[in-house]
Structure formats: structure tokens, C-alpha cells
Amino acid sequence: MTAHAADPARPFGRVLTAMVTPFTEDGSVDLAGAQELASHLVDRGRHDGLVVNGTTGESPTVSDAEQVELLRAVLDAVGDRAVVVAGAGTNDTAHSIEKAQAAERAGAHGLLVVTPYYNRPTQRGLLAHFGAVADATELPVMLYDIPPRSQVPIAVDTLVRLAEHPRVVAVKDAKGNLNDVSWTLARTDLAYYSGDDVLNLALLAIGAVGVVSVVGHVVGPQLADLVAAVEAGDLPRARAVNDALLPVYAGIMGGGQGAMMVKAALHALGLPAGPTRPPLVDATAEEVAQLRRDLAAGGLAL
């Protein structure tokens, strides 16, 4: 773990982006581009952490070997000044353990472990799965609760039991259930991170400690301001920052595909991104034109 994660209340920092995986035009992983983007996010985007090999990083279509190379490249670029969290979750417990151990060997500072998708395990299955992955390394674990993709939510009682594991320390929440978040915060010491940009303010206001963002690729400083305003108890300021971000949320997350649209945004800003890998497709000219209007309405100069 880096010095940036010394605060146990915020084990992975405050502002993290689920980073895209830049590709070259021939579809291979652009390691130099990934290092450039990671450095930009940390040095100019006010990030104190990054998640690599998550869904926005197109992990389903990036091989395990490529993911290790990407993780090492990002660690080499920013691992001395930011927390680098590796996506390790799949819908196969054995495979998830292999990915977690490979990430630990590569030097990752923590793991993001998503709820198994498609095979729809029971809550007992979730306890067994997350516990096995957390047991497999010495790295701190952020659970990723995202039923829109996984179908199965992590129940509050399950989260309470998982919080007893010494290495399960945080949750990236994209469940959209503020009641469940409130109860989990009341019953555990898990650190919550907003994993749904449109709910950043709401989750921070009820006790989340930071964000794992997609729009953070292009508005990291504004997200840092949002977190700081909530921490200072200045909710009018926080609302003003959030209101100004609404067009950006709409442009990148509103009806499009997050990885596709944020790659289009990065391209518009002259930052490394490259194409998506199938089955994702690149944004159309019409989609890019609307995105540019939304980003401009959010104050971004293109």
C-alpha cells in the first residue's frame, strides 16, 4: 500500500477513476498511452487512486496476460504517488483467485472484486466467493456491488458478515439503494465509494468517503472539489459543483455506453484512449457531436 492510503477511513483515497484501457489502432493494448493517461489523471486530474482492469477498462475482452502488463505499466507510472487498485473479479471463483494473486505479484495496492455475474449465486454463494478471494492474498479488497450488471445485489446482512473479514475494507456501490447503503454504514466500518456518478453527491452526503468514477477521466478536479465540499460540511457548495457536472454525467453516462463515450471524450481532449474492442463499438459522429455539446455545457473546453 502506498502512503496515500494511510487513512484507514479512506483506504483507497478519495478520488479514483475506473480507467479505460487505451488501445492502438490495431487493437493491441497501448501501454505507453496507459502510462500517459494514468499520469495525467494523477498529476493534473487530482486523483489519489486509479482502478485498472475494471469494466470501464473493458476487462471482459482484455486477456489475463494483457491485464498484468497493463497493471505493471500503470504502477510504474504512478504507483509511487497514487493507490492502484486492480480489478480481479469474475463469475468464476477459481479464476478470480488467480487474477487476485497475479495482481498481488504485479504489485497492486488493492483489489476490486465484483459480484459474480450471469450465474446468479445466492447470498451464501457470495459470502463464499468474496471470502475465498479475500483469503487468497494479503491485499485490501473493495467489493463492487452493481446489480444492473451482476443481477444479484449484495444484501446488507451479507455485507455485515463480509465486513468481519480483515481484508474486506470497502464497497464500490452502484446499486442505487440509499437505504441499503445507510444501513450498511450504520452497522459496519466499511468505507463506501460511489460507483454511480449521478449519485456521487447523494452517496457522499450519507457517508461515502470518495468516488470510483467514470467521468473522472475528464472532470477529476471538480470531483475532488465535490468530495472536499461535502467533507467540509458545505452542502450548498457541493450542490453547486454537482449541478455544474450534470451535463457531463448526461453526456458520458446518460444512455450511452460508459467506456465507449469516455473514450470519445478522451479523444476529443487529445488524451490516449484509442478504439474499443468488440462487442463494444466506437461512438458515431452524431453521438460524438452530442457529447461535445454536453461537455461544453459542463464547462470543458474542447
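Keep in mind it's a predicted model, so treat the numbers as computed, not measured.

Visitor: So what exactly am I meant to see when it comes to the nonpolar core here?
Guide: Across soluble globular proteins, you tend to see nonpolar side chains buried next to one another. Residues Met19, Leu71, Val74, Leu223 and Ile252 are the most contacted members of the largest nonpolar core, which totals 82 residues. Contact partners of Leu223, with chain neighbours within four places excluded, come to Val15, Asn200, Val211, Ser213, Val215, Gly216, Leu245 and Tyr249. Counting residues in hydrophobic clusters, the runner-up holds 17 residues, among them Ala18, Val51, Met142 and Ala191.

Visitor: Please clarify how the packing of helix 10 (residues 235–253) against helix 12 (residues 285–297) should be interpreted in this entry.
Guide: Two measures define how a pair of helices packs: the angle their axes make with one another and the distance between the axes. Across the interface, helix 10 lies against helix 12 with an axial gap of 7 Å and an inter-helix angle of 160 degrees. Regarding the angle of helix 10 to helix 12, the classification is roughly antiparallel. Once helix 10 is placed against helix 12, the crossing between them reads as left-handed. Within the contact between the two elements, helix 10 uses Pro247, Val248, Ala250, Gly251 and Ile252 and helix 12 uses Leu291, Asp294, Leu295 and Ala297. Taken together, the residues that form the contact of helix 10 with helix 12 break down as 7 nonpolar, 1 polar and 1 charged.

Visitor: For this particular structure, what's the right way to read the pattern of salt bridges?
Guide: Where side chains of opposite charge bring their charged atoms close, a pairing between them can arise. In this structure the tally under the stated criterion is 13 salt bridges. Across the pair Arg10 and Glu231 runs a salt bridge, and its minimum N-O distance is 2.9 Å. Of this pair, Arg10 sits in the segment before strand 1 (15–18) while Glu231 is found in helix 9 (residues 216–231), placing the two residues 221 residues apart along the sequence. Taking the relative accessible area as the measure of exposure, Glu231 reaches 40% and is therefore partly exposed. Between Arg167 and Glu138 there is a salt bridge; the shortest N-O distance is 3.8 Å. Taken together, the positions of Arg167 in the loop between helix 6 (156–162) and strand 6 (168–173) and Glu138 in the loop between helix 4 (123–136) and strand 5 (141–145) put the pair 29 residues apart, joining distant regions of the chain. Residues participating in the shared-partner salt-bridge network are Asp7, Arg10, Arg14 and Glu231.

Visitor: How do you make sense of the UniProt feature "binding site: pyruvate" (unreviewed entry) in the chain when you look at a structure like this?
Guide: As recorded in UniProt, the sites labelled "binding site: pyruvate" (unreviewed entry) are Thr56 and Val212. Across 157 residues in sequence, these annotated residues keep their C-alpha atoms within 10.9 Å of one another, forming a single compact spot. Looking at the secondary structure, you find Thr56 in the loop between strand 2 (49–52) and helix 2 (64–78). The exposure class assigned to Thr56 is buried, which follows from its relative accessible area of 11%. With respect to the secondary-structure elements, Val212 resides in strand 8 (residues 210–213). Setting aside anything within four residues of it in sequence, one finds Val212 in contact with Leu16, Ala18, Val51, Met142, Lys172, Tyr193, Ser194 and Gly195.

Visitor: Sorry if this is basic, but what is going on with unusual backbone geometry here?
Guide: Trans peptide bonds make up the majority, and among non-glycine residues the majority have a negative phi. Residue Pro278 is joined to Pro279 through a cis peptide bond whose omega torsion reads 15 degrees. Along the polypeptide, Pro279 turns up in the loop between helix 11 (258–268) and helix 12. Its identity as a non-glycine residue notwithstanding, Tyr118 has a phi of 75 degrees, on the positive side. If you trace the backbone, Tyr118 turns up in the loop between strand 4 (110–114) and helix 4. Notably, Arg120 is not glycine yet its phi reads approximately 50 degrees, a positive angle. Relative to the helices and strands, Arg120 is located in the loop between strand 4 and helix 4.

Visitor: Where do I start with the packing of aromatic side chains in this structure?
Guide: Two numbers describe a pair of aromatic rings. These are the distance of the centres and the angle of the planes. Taken as a whole and judged by the stated rule, the model has 1 aromatic pair. Taking the ring centre of Tyr144 as reference, the NZ or CZ of Lys172 above it sits at 4.0 Å.

Visitor: Looking at this structure, how should I read the UniProt feature "active site" (unreviewed entry) in the chain?
Guide: As recorded in UniProt, the feature "active site" (unreviewed entry) lies at Tyr144 and Lys172. For the residues just named, distributed over 29 residues, the greatest C-alpha separation is only 4.7 Å, placing them together at one site. Tracing the chain through its elements places Tyr144 in strand 5. Residues in contact with Tyr144, not counting those within four places in the same chain, are Thr55, Leu112, Val113, Val114, Thr115, Ile154, Lys172 and Ala174. With respect to the helices and strands, Lys172 occurs in strand 6.

Visitor: Just to check I follow, could you spell out the sheet that holds strand 5 for this structure?
Guide: Taken in spatial order, the 8 strands line up as 1-2-3-4-5-6-7-8 and close into a barrel, and their pairing is parallel. Adjacent strand axes in the sheet meet at a mean angle of 25 degrees when their direction is disregarded. Examined bridge by bridge, strand 3 (residues 83–87) and strand 4 share 3 bridges and lie parallel to one another. Looking at the pairing, Val85 lines up with Gly110 of strand 4. In this fold helix 9 packs onto strand 1 and strand 8, with an angle of close to 155 degrees to the strand it touches most, strand 1.

Visitor: What exactly am I supposed to notice about the pairing of strand 8 here?
Guide: As a general feature of sheets, a regular strand has side chains that alternate between the two faces. Side chains Gly210 and Val212 of strand 8 all project onto a buried face; the interleaved residues Val211 and Ser213 project onto the opposite face, where all are buried too. Pairing geometry for strand 1 and strand 8, over 3 bridges, is parallel. Opposite Val15, over in strand 8, you have Val211 as the bridge partner. Summarising the sheet, strand 7 (residues 191–194) and strand 8 pair through 2 bridges and their orientation is parallel. Residue pairing across strands places Tyr193 opposite Gly210, the latter belonging to strand 8.

Cut-off values and rules
- Residues numbered from 1 in each chain as written.
- Predicted model: local features only at pLDDT ≥ 70, side-chain atom pairs only at ≥ 80, totals over all residues.
- Heavy atoms only, no water.
- Core = buried A, V, L, I, M, F, W, Y, C linked by side-chain atoms within 4.5 Å.
- Buried < 20%, exposed > 50% of the residue type's maximum accessible area, 1.4 Å probe, protein only.
- Contact = heavy atoms within 4.5 Å.
- Axes fitted to C-alpha atoms, helices over the stretch in contact; angles between N-to-C directions.
- Helix = DSSP H or I, 4+ residues; strand = E, 2+ residues; numbered from the N terminus.
- Parallel < 35°, antiparallel > 145°, perpendicular 65-115°, else oblique.
- Left-handed = near helix turned anticlockwise from the far one by under 90°.
- Nonpolar A, V, L, I, M, F, W, Y, C, P; charged D, E, K, R; others polar.
- Salt bridge = Lys/Arg side-chain N within 4 Å of Asp/Glu carboxyl O.
- UniProt positions renumbered as here; feature names shortened; annotations may be inferred.
- Phe/Tyr/Trp six-rings, centres within 6.5 Å; stacked < 30°, edge-to-face > 60°.
- Lys NZ or Arg CZ within 6 Å of the ring centre and 35° of its normal.
- Pairing = 2+ DSSP bridges.

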